[in-house]
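Architecture at a glance
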Amino acid sequence: MKIKPEVSNVDSNLTYQIAAQVNNTVPIVASTTAETNVMVQDGTTIIIGGLRKDQKLKTVNKLPYWETFLLLARPLEIKAIR
């Protein structure tokens, strides 16, 4: 038996202009696949694991032009890690 599981998600959207007043938006899909061949007896259950995606995003919001004053800028930064 040939098994090919897939995990998909929409990463972002791409918007482009078709005509003067007409925009089209299409999703950009990221997918992860694995492929394997297995031989099992009838009625046997198969479990395949390991298809996952870890993602870490780091965002830093700053006040414009304050990064030149390092001592004043650090306390005003807003950091977010997801």
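Residues numbered from 1 in each chain as written. Predicted model: local features only at pLDDT ≥ 70, side-chain atom pairs only at ≥ 80, totals over all residues. Heavy atoms only, no water.

A few points about the overall build of the protein chain
The helix and strand inventory of the protein chain stands at one helix and six strands. In the protein chain, the succession of helices and strands from N to C terminus is β-β-β-β-β-α-β. Buried residues in the protein chain amount to 4% of all 82 residues. Expressed as a percentage of contacts within the protein chain between residues at least 6 apart in sequence, the contacts between residues at least 24 apart total 37%. Per element, the accessible surface of the protein chain, about 7,700 Å² overall, is 55% carbon and sulfur. (Helix = DSSP H or I, 4+ residues; strand = E, 2+ residues; numbered from the N terminus. Buried < 20%, exposed > 50% of the residue type's maximum accessible area, 1.4 Å probe, protein only. Contact = heavy atoms within 4.5 Å. Areas by Shrake-Rupley, 256 points an atom, 1.4 Å probe, with all protein chains shown as cover.)

Points about a nonpolar patch on the surface
A grouping of Leu-14, Tyr-16, Ile-18, Val-22 and Ile-28 is seen on the molecular surface, where their side chains present a nonpolar patch of about 440 Å² in accessible area. Elements that contribute at least two residues to the nonpolar patch include exactly strand E2 (6-19) and strand E3 (22-33). The dominant element in the nonpolar patch, judged by the number of residues it contributes, is E2, at three residues. In this fold, Ile-28 is placed in strand E3. Look at Ile-28 and you get partly exposed, because its relative accessible area is 38%. (Patch = residues over 30% accessible without salt bridge, like charges linked within 9 Å, V, L, I, M, F, W, Y side chains within 5 Å. Salt bridge = Lys/Arg side-chain N within 4 Å of Asp/Glu carboxyl O.)

Points about the environment of Asn-9
As for its placement among the helices and strands, Asn-9 is situated in strand E2. Sequence spacing of Asn-9 and Val-29 is 20 residues, and the spatial spacing of their C-alpha atoms is 5.7 Å. Ignoring anything within four residues of it in the chain, the contact list for Asn-9 reads Ile-28, Val-29 and Ala-30.

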